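One-letter residues, chain by chain:
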Amino acid sequence: MSSIAAVGTEHSLVFVRTAPAPSLPPPFASTGVIGWMRTNLFGTPFNAVLTVLIVLFIAWAVPPLVRFLLIDAVWSGSDRQACLATVAQPHIGACWAFVREHLAFFTYGFYPIEGRWRVDIFFAMLAFGMGWMLWLDAPRRGLGALYFFGIFPIVSFFLLYGLPPLGLEIVDTSLWGGFLITVVVAVVGIVTSLPLGILLALGRRSQMPAVKIVSVVFIEFVRGVPLVTVLFMASVMLPLFVPPAWSPDKLIRALVGVALFSAAYMAEVVRAGLQAIPKGQWEAASALGLGYWQTLRFIVLPPALRITIPNILNNYVSLFKDTTLVFFVGIFDFLKTIEASREDPTWATPVTSASGYAFAALVYFTCCYSMARYALGIERRLGRSERR
Amino acid sequence: MAAMEAFDAGIAPHQVSREVAVDIKGLNKWFGEFQVLRDVDLTLRRGERIVICGPSGSGKSTLIRCINGLEVFQKGDLVVDGIPLRNDVKALALVRREVGMVFQQFNLFPHLTVLENCTLAPINVRKMPVKQAAEVALKFLKRVRIPEQADKYPGQLSGGQQQRVAIARALCMSPKLMLFDEPTSALDPEMVKEVLDTMVQLAMDGMTMIVVTHEMGFARQVADRVVFMDAGQIVEINTPEEFFNHPQHERTKLFLSQILK
């Protein structure tokens, strides 16, 4: 108190500081590891109980998982003998030898072995195009977009389906399978659902009654029906109405079904974003002479899409996992190839199924989590204008 | 207003040309059943500055929003810069290029920098080269005295600064007419001056202006004529001296007695 000159008595109403209060180091227990633990882990009795329970849960769940996936796992072998418990090795973990043996099937399905290089080129082209599009500071992104949305789909189609004049034999889509199918369905769905969804959302907000009604009916109808039903309708009912020669390929029907289905969901997500843009933004753009599409492109869509990134991503992740439903209409996607392989008598062991599913979980998780991380990065980057 | 004293010597006499900038004849507008504008007649010549005032709900904002087509009207004639404004998309696009507007809530584009806010329309509507648009934008940002904020986002600026950016943004389209819709009503008191100063400067440069405002000091100093509206009609049009010192209509007298206490 020596630095403060009190004016008047002890209960003075007037106060003038004559020297600044010195800044002292914080008490020991509030900083460092101990301080952090005190505030974050053991702040209240309830907090402390939760901390203990969670630590116990981790101690109970993680070690067996690590033992199964890594320590007791069998990494090599040519048949079921490798993955059976013996006296020497009573505990058998994941049978990665089985996964390794079937990896080609999981990747290509029944795609002919001599043509699999075509699928490899497709994967490489896809990775190249995605890298170009997803790396936001990449050079010549306009050219990248032309490649990814124009050249790549056409080349991929002939590469995967075949082009006899160039010596590429026709490979019927019923032979495609595994991760190839999952990737094709997911990429087509992801790339087409956002633009379609934006158009549907705009249609739903349109002043023109006809456009509005068509959009609303489409969105509500598709949302009111399960994806499996849409796929069944596409694969079973369509051929009843259309002559066989006109009826498109089974895979294409499933692709259209998935794309339209996710577009309807996307439309509602985008509409929420459009709703959040104040009317004043439209008015200011109009007053400056910008037209409807220019206003959308420069003023309305960038912030509207930015605030809906978490929801868009949510749709993409669920779309990626929903690709497994195409197996209901007889398409052999990644999960279905694993399903089929685990019944392979050469590898019949008690751990085969678990190993296959663990591998599936790992692959789906890797894909979905990468999407989530990437979206988070975009969100941060686009959030620059909110920095103060 | 103390802010105005610096300019109290008055604005240099300016030329009001014979040319008509805006011609409004028998304008009527309804929101559903409710009539918001009744037989409004008003002619604005090039170089002229008009201040519109009146109680809230009197139709002042609606009137100037009709001039650049943000509101449609049902009856009457409205000619802006020689272009008759009907529900014709082409005419509307032409008019909007020539008419700048400043809003009460600024309406800057929050995801674009100050500079991008200013260059967007010149580049995309006037098809101006990017470099030239940036030069023009910097010129006008200097004129509203915030060139150093060019690379910031609107959210990083004060209200007064944002409104000055909004003025610069409109000026970048080199409009022939500027509309101001209560430009200082959403500002903190100490920021009103900087925006009014900018508008006075603009008036001194000879811009044709229609200003909806309750800043009577500004009206006195800058306006050629003051328009008083009530219940969707023009009640009185007069020079600022006559309007403030010898209001004619009873409604005008009542309004002035309430705001000039």
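In this text, all values refer to a predicted model and were calculated from it rather than measured experimentally.

Reading the values: rules and limits
Residues numbered from 1 in each chain as written. Chains lettered and ligands numbered in written order. Predicted model: local features only at pLDDT ≥ 70, side-chain atom pairs only at ≥ 80, totals over all residues. Heavy atoms only, no water. Domains from an automatic or database assignment. Contact = heavy atoms within 4.5 Å. Buried area = accessible area lost by both parts, 1.4 Å probe. Salt bridge = Lys/Arg side-chain N within 4 Å of Asp/Glu carboxyl O. Polar contact = N/O pair within 3.5 Å; in protein donor to acceptor, adjacent residues only side chain to side chain. Helix = DSSP H or I, 4+ residues; strand = E, 2+ residues; numbered from the N terminus. Nonpolar A, V, L, I, M, F, W, Y, C, P; charged D, E, K, R; others polar. pLDDT = per-residue confidence, 0-100. Pairing = 2+ DSSP bridges. Axes fitted to C-alpha atoms, helices over the stretch in contact; angles between N-to-C directions. Buried < 20%, exposed > 50% of the residue type's maximum accessible area, 1.4 Å probe, protein only. Left-handed = near helix turned anticlockwise from the far one by under 90°.

Our next topic: the domain arrangement of chain A. Where interface size is quoted, it is often the accessible area lost as the parts come together. Residues and elements named next belong to chain A. Split by domain assignment, chain A resolves into domain 1 (28-83) and domain 2 (101-111 + 171-387). Spacing between the C-alpha centres of domain 1 and domain 2 amounts to 35 Å. Listed as interface residues are seven residues of domain 1 and, on the opposing side, nine residues of domain 2. Across the domain 1/domain 2 interface, buried area totals approximately 640 Å², and carbon plus sulfur atoms make up 68% of it. Along the contact surface separating domain 1 from domain 2 lie zero salt bridges. Where domain 1 packs against domain 2, one counts two residue pairs in polar contact (both at pLDDT 80 or more).

To continue, consider the interface of chain B and chain A. Facing 24 residues of chain B, the contacting portion of chain A comprises 20 residues. Buried area between chain B and chain A, both sides added, is near 1,900 Å², and the carbon and sulfur share of it is 62%. Counting across the chain B and chain A interface gives one salt bridge. Here Arg65 of chain B and Glu283 of chain A are joined by a salt bridge, their closest N and O atoms 2.6 Å apart. Seen at the junction of chain B and chain A, the total is five residue pairs in polar contact (both at pLDDT 80 or more). Of all elements in the fold, only β6 (99-102), α3 (114-124) and α5 (159-171) of chain B reach the threshold of two or more residues within the side of chain B that touches chain A. Grouping the constituent residues of the side of chain B that touches chain A by class yields 14 nonpolar, six polar and four charged.

Our next topic: the confidence of the model for chain B. Residues and elements named next belong to chain B. Averaged over all residues, the pLDDT of chain B is 89; the fraction at 70 or higher stands at 93%. Of the regions scoring below 50 in pLDDT, residues 1-10 engages in twelve contacts with residues more than four places distant in sequence or in other chains. On the interface metric, ipTM, the complex scores 0.89, and its pTM is 0.81.

All names here are of chain B. Strand order in the open sheet formed by four strands is β2-β1-β4-β5, and the pairing between neighbours is antiparallel. Of all strands in the sheet, those bounded by a partner on one side alone are β2 (34-45) and β5 (83-84). In the packing of helix α1 (residues 60-67) onto the sheet, the strands contacted are β1 (20-31), β2 and β4 (75-80), and the crossing angle to β1 comes to about 120 degrees.

All names here are of chain B. Pairing analysis gives five bridges linking strand β9 (residues 225-230) to strand β10 (residues 233-238), with the strands arranged antiparallel. Considered in β10, the bridge of Asp230 is made with Gln233. The loop that links β9 with its antiparallel partner β10 comprises two residues; one of these, Ala231, has a positive phi angle of about 50 degrees.

Residue and element names in this part refer to chain B. Summarising burial for strand β8 (residues 208-212): five of the five residues are buried, a large majority. Alternating residues of β8 divide into Thr208, Ile210 and Val212 and Met209 and Val211, and every residue in both groups is buried. As paired elements, strand β3 (residues 49-53) and β8 share four bridges and run parallel to each other. Its bridge partner being in β8, Ile50 is matched across the sheet by Ile210. Of the strand pairs in this sheet, strand β7 (residues 177-181) and β8 are connected by five bridges, and their pairing is parallel. Counted as the bridge partner of Phe180 is Val211 from β8.

Another aspect to go through is the pattern of salt bridges. Scanning all chains against the criterion turns up 23 salt bridges over all chains. With a shortest N-O distance of 3.0 Å, Arg164 of chain B and Glu194 of chain B are connected by a salt bridge. Here Arg164 of chain B is found in helix α5, whereas its partner Glu194 of chain B is found in helix α6 (residues 189-204), with 30 residues between them in sequence. Here the salt bridges do not stand alone but share partners, grouping Arg204, Glu220, Arg223, Glu268 and Arg271 of chain A into one network.

All names here are of chain A. In contact at an axis separation of 12 Å, helix α4 (residues 116-134) and helix α6 (residues 179-204) are set at 35 degrees when each is read in the N-to-C sense. For the element pair α4 and α6, the recorded crossing hand is left-handed. The residues of α6 that touch α4, namely those facing Val119, Phe122, Phe123 and Leu126, are Phe179, Leu180, Val183, Val184 and Val187. Along the lines of polarity and charge, the residues of the contact of α4 with α6 split into nine nonpolar, no polar and no charged.

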